[in-house]
Amino acid sequence: MSDSDDNKPASPAQSDAQGESARSNQMWGGRFTAGPAEVMERINASIGFDQKLYAQDIAGSMAHARMLVSAGIISREDGEAIREGLGAILREIESGDFAFSAALEDIHMNVENRLRELIGPAAGRLHTARSRNDQVATDFRLWVRDAIDGIEKALQDLQRALIDQAEKNAETIMPGYTHLQAAQPVTLGHHFLAYVEMLGRDRSRLADARVRMNESPLGAAALAGTAFPIDRFMTAKDLGFDRPMCNSLDAVSDRDFALEFLSAGAILAVHLSRLAEELVLWTNQGFQFVELSDSFTTGSSIMPQKKNPDAAELIRGKAGRVIGALNSLLVTMKGLPMTYGKDMQEDKEPVFDAAETLLLVTTAMRGMIEDLKSVPENLLKATQAGFITATDLADWLVRELGLPFREAHHVTGSLVAEAEKRGLNLAELPLEAMQAVHQGITEGVYEVLSVEKAVASRRSYGGTSPKEVREQIERARERFL
Ligand code: ARG
């Protein structure tokens, strides 16, 4: 019996579940005469959710068995029987033929118990020099690593969809906002590319977390390492880890890899939520900047005219789950003394839920973006309100009349007030009216008052002009796709 199995109840029910005679737990029953209370079994069992770790658990056991043979700790015959049995269990689980038992608590004991049924006593040698503490830490790292790979791929696909839309809308003019007030004209392509950048950083945060988590806890055993002559480098390599973790206490007790995943995931969820919110706004009757496809909207059972942006709303809403998952695990971990505590069994559900949610929202967002159609007339119309070229006018006063910017700002403010009084936009304000505010103003000013000219003039690196947007698209394709 390994150290990991201290403070565990016996479980006669588990044997019943396996169709055997009632007796105390065969994993640690030597010390126990009675089984657990029914409610104890319910609070203790994690198999309802940790069965998701089956492939990682079996891979970890395969690697461990191979290493035990190579280190001369178990015989070649036992090693072979164990590996064959594990292979059979993998097939049983994948074909849905495996009967998971709550009495066997978790995925580790379900697999080991089945192995005993399949190959007999040799199964008992698999747990030599190992504990469920290093086993679960290993399985979970492998699982999170795979989850990151899946989400990263989905993010790249979403970036591709956004870049394609940016290309289609490199010249589509729209209001850029600050405070959700029209600020300066920009292009819709530029706007989409902003999200491409955010998602690029999300990918890089996930990739960073992946690098740090890619070390193997296996062989830390319960907490202190083991007296058996194991080879942790061999199992680490076998499982695709870069190296074994350096400290056995740390290996079994920290979940910062999961927290990093959830932190990066929460930031990603927030980015997607902001984009989702914009889609909700942009499909509102007051904007009508874009149209979403029927595939990503729903109708109303009572109001025939409705086309609701449900997918966007749900992406916005589901950010709450992912942020909640991060909070949940942070709070679970914050008061735990070293090393493993059973509290840590609570690490899995939030991570599983967050990973599933992130993949779902990223994929749904990609679908919405791919199908989306912009409505350039409405985007352009929205730039006609709000004196959106006022900055261009102030810049012109600086450039052409040599005014200090602060004074130009003041003059422009007066021109805006004058236009507002007359119910005109800046480009419609007659020259005499302008000259009444500042007599140096000439006909040439109208050149910069059109939104097309304003947008085209912003050619600084990263700026909004169609030319610069096309260059950003080139760079984005090279960096991200
Ligand atoms: N089901 C457990 C978990 O998820 C596995 C580790 C149990 N270790 C122990 N010493 N009881 O954390």
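Note: the structure precedes this text.
Residues numbered from 1 in each chain as written. Predicted model: local features only at pLDDT ≥ 70, side-chain atom pairs only at ≥ 80, totals over all residues. Heavy atoms only, no water.

A. Structural context of the overall build of the chain. Secondary structure summary: the chain contains 20 helices and six strands in total. Taken over the C-alpha trace, the chain has a radius of gyration of 31 Å; the compact-globule value for 481 residues is 23 Å, which it surpasses by more than 25%. Principal-axis analysis of the C-alpha atoms gives the chain an extent of 100 × 55 × 35 Å. By element, 52% of the accessible surface of the chain is carried by carbon and sulfur atoms, the whole surface being about 22000 Å². Placing the 52 positive and 70 negative side-chain charges of the chain at their respective mean positions leaves the two points 1 Å apart. (Helix = DSSP H or I, 4+ residues; strand = E, 2+ residues; numbered from the N terminus. Rg over C-alpha atoms; globule rule 2.2 N^0.38 Å. Areas by Shrake-Rupley, 256 points an atom, 1.4 Å probe, with all protein chains shown as cover. Lys, Arg positive; Asp, Glu negative; His and termini not counted. Charge placed at Lys NZ, Arg CZ, Asp CG, Glu CD.)

B. Up close: helix 6 (residues 107-119). Its 13 residues give helix 6 an end-to-end C-alpha distance of 18 Å, which sits within 8% of 18 Å, the value for a rise of 1.5 Å per residue. Turning to helix 6, its buried residues number three or more, namely Ile107, His108, Met109, Asn110, Val111, Glu112, Asn113 and Leu115. Looking at the packing, one finds that the buried side of helix 6 touches helix 3 (47-50), helix 4 (54-70), helix 5 (76-94) and helix 7 (132-168). By the N-cap criterion, in which a side-chain oxygen at the helix start approaches the backbone nitrogen of a residue two or three places on, helix 6 is capped by Asp106, the distance to His108 being 3.3 Å. Of the residues one or two after helix 6, Gly120 is the one with positive phi, at around 80°. (Expected span 1.5 Å × (residues − 1). Buried < 20%, exposed > 50% of the residue type's maximum accessible area, 1.4 Å probe, protein only. Contact = heavy atoms within 4.5 Å. Polar contact = N/O pair within 3.5 Å; in protein donor to acceptor, adjacent residues only side chain to side chain.)

C. How the structure looks around a nonpolar patch on the surface. Residues Leu223, Leu249 and Met338 make up a contiguous nonpolar surface patch of roughly 260 Å² in combined accessible area. Position of Leu249 relative to the elements: it lies in helix 10 (residues 248-253). (Patch = residues over 30% accessible without salt bridge, like charges linked within 9 Å, V, L, I, M, F, W, Y side chains within 5 Å. Salt bridge = Lys/Arg side-chain N within 4 Å of Asp/Glu carboxyl O.)

D. Region of the structure containing the environment of Gly341. Positionally, Gly341 belongs in the loop between helix 12 (310-333) and helix 13 (348-371). A relative accessible area of 17% places Gly341 in the buried class. Taking C-alpha positions, Gly341 is 9.3 Å from Asn133, a pair spaced 208 residues apart along the chain.

E. The arrangement of the side chain of Asp78 in detail. Tracing the sequence through the fold places Asp78 in helix 5. Its relative accessible area of 18% is what places Asp78 among the buried residues. Here the side chain of Asp78 touches Arg125 through a polar contact of 2.9 Å, side chain to side chain. Those residues in contact with Asp78, other than ones at most four positions away along the chain, are Ala122 and Arg125.

F. Spotlight on the packing of aromatic side chains. The final tally for this structure, using the stated rule, is eight aromatic pairs. With centroids separated by 6.2 Å and ring planes inclined at 85°, the aromatic side chains of Phe140 and Phe352 adopt a geometry described as edge-to-face. Taken together, the residues span a long stretch of sequence, with Phe140 in helix 7 and Phe352 in helix 13 at a distance of 212 residues. Here Phe140 falls in the buried class, since its relative accessible area comes to 0%. Judged by relative accessible area, which is 4%, Phe352 ranks as buried. These aromatic residues form a ring-pair network of at least three members: Tyr177, Phe192, Trp282, Phe287 and Phe289. Seen from the ring of Phe241, Arg145 lies directly overhead, with NZ or CZ sitting 5.2 Å from the centre. The ring centre of Phe140 lies 5.7 Å from the NZ or CZ of Lys348, which sits over that ring. (Phe/Tyr/Trp six-rings, centres within 6.5 Å; stacked < 30°, edge-to-face > 60°. Lys NZ or Arg CZ within 6 Å of the ring centre and 35° of its normal.)

G. Representation of helix 7 in the model. Helix length check: helix 7 (37 residues) gives 54 Å between terminal C-alpha atoms against 54 Å at 1.5 Å per residue, within 8%. Counting buried residues in helix 7 gives 28 out of 37 residues, a clear majority hidden from the surface. The opening residue of helix 7 is Ser131, an N-cap whose side-chain oxygen sits 2.7 Å from the backbone nitrogen of Asn133.

H. Focus on the packing of helix 4 against helix 6. Two elements in contact, helix 4 and helix 6, have axes whose closest approach is 10 Å; the angle formed by their N-to-C orientations is 60°. Judged by the angle between their axes, helix 4 and helix 6 are oblique. In this structure, the crossing between helix 4 and helix 6 has a hand that is right-handed. On the side of helix 4, the interface is formed by Tyr54, Asp57 and Ile58, while helix 6 contributes Ile107, His108 and Val111. By residue class, the composition of the contact of helix 4 with helix 6 is four nonpolar, one polar and one charged. (Axes fitted to C-alpha atoms, helices over the stretch in contact; angles between N-to-C directions. Parallel < 35°, antiparallel > 145°, perpendicular 65-115°, else oblique. Left-handed = near helix turned anticlockwise from the far one by under 90°. Nonpolar A, V, L, I, M, F, W, Y, C, P; charged D, E, K, R; others polar.)

I. Quick look at the packing of helix 11 (residues 256-283) against helix 12. One can describe the packing of helix 11 onto helix 12 by two numbers: an axis separation of 8 Å at closest approach and a directional angle of 160°. The orientation of helix 11 with respect to helix 12, classified from their angle, is roughly antiparallel. Note that helix 11 runs across helix 12; the crossing there is left-handed. Across the contact of helix 11 with helix 12, the residue classes tally to 20 nonpolar, three polar and three charged.

J. Spatial organisation of the pattern of salt bridges. In the structure shown here, the tally under the stated rule is 35 salt bridges. We note a salt bridge from Arg132 to Glu105, for which the minimum N-O separation is 3.3 Å. One end of the pair, Arg132, is in helix 7; the other, Glu105, is in the loop between helix 5 and helix 6, with 27 residues separating them in the sequence. Look at Glu105 and you get buried, because its relative accessible area is 4%. A salt bridge links Glu171 to Arg470, with the nearest nitrogen and oxygen atoms 2.8 Å apart. Here Glu171, found in the loop between helix 7 and strand 1 (173-178), pairs with Arg470, found in helix 20 (residues 466-480); they are 299 residues apart in sequence, far enough to count as distant. By relative accessible area, Arg470 is classed as partly exposed at 37%. If you follow the salt bridges from partner to partner, you end up with Lys153, Asp157, Arg160, Arg366 and Glu370 in one network.

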